[in-house]
Amino acid sequence: MKYFYYLFIAFAVLYGCSSSKSDEKNMQDMQKLKRSTDSLNAVKLGVQKTLDSLNAESKRKDDLMKQYQMQLDSLQKNMNGNN
């Protein structure tokens, strides 16, 4: 019976050491995942800013194109009216 207690204590110590190492590894993995997530969020914000900028530029070009089309239509109307 005495040996059983020694085996149980040895097993408990080994289990405690391995579980604490496992907890440390899990904590390190979680920290790595958090850093990766933070990095991806930073990239996402950069891409979103770029996309917003491109959308604004596209809208500006569309407005300019409409303006040019109106001027062209007006010129064509004036040419047809003069003939």
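Residues numbered from 1 in each chain as written. Predicted model: local features only at pLDDT ≥ 70, side-chain atom pairs only at ≥ 80, totals over all residues. Heavy atoms only, no water.

A. Highlighting the overall build of the protein chain. The helix and strand inventory of the protein chain stands at one helix and zero strands. Relative to its 83 residues, the protein chain shows a buried fraction of 0%. Working note: accessible area of the protein chain is about 8,200 Å², and carbon and sulfur atoms make up 63% of it. (Helix = DSSP H or I, 4+ residues; strand = E, 2+ residues; numbered from the N terminus. Buried < 20%, exposed > 50% of the residue type's maximum accessible area, 1.4 Å probe, protein only. Areas by Shrake-Rupley, 256 points an atom, 1.4 Å probe, with all protein chains shown as cover.)

B. Region of interest: a nonpolar patch on the surface. On the surface, Met27, Met30 and Leu33 cluster together into a nonpolar patch covering about 340 Å² of accessible area. Looking at the secondary structure, you find methionine 27 in helix H1 (residues 2–82). (Patch = residues over 30% accessible without salt bridge, like charges linked within 9 Å, V, L, I, M, F, W, Y side chains within 5 Å. Salt bridge = Lys/Arg side-chain N within 4 Å of Asp/Glu carboxyl O.)

C. Representation of the pattern of salt bridges. All chains considered together, the criterion is met by four salt bridges. In this structure, aspartate 29 engages lysine 25 in a salt bridge whose closest nitrogen and oxygen atoms are separated by 3.5 Å. Here lysine 25 and aspartate 29 lie together in helix H1, a separation of four residues that amounts to about one turn. The shortest N-O distance in the salt bridge between lysine 59 and aspartate 63 comes to 3.6 Å. Taken together, the residues lysine 59 and aspartate 63, both in helix H1 and four residues apart, mark about one turn of the helix. A residue is classified by how much of its surface remains accessible, and lysine 59, at 53% relative accessible area, is exposed.

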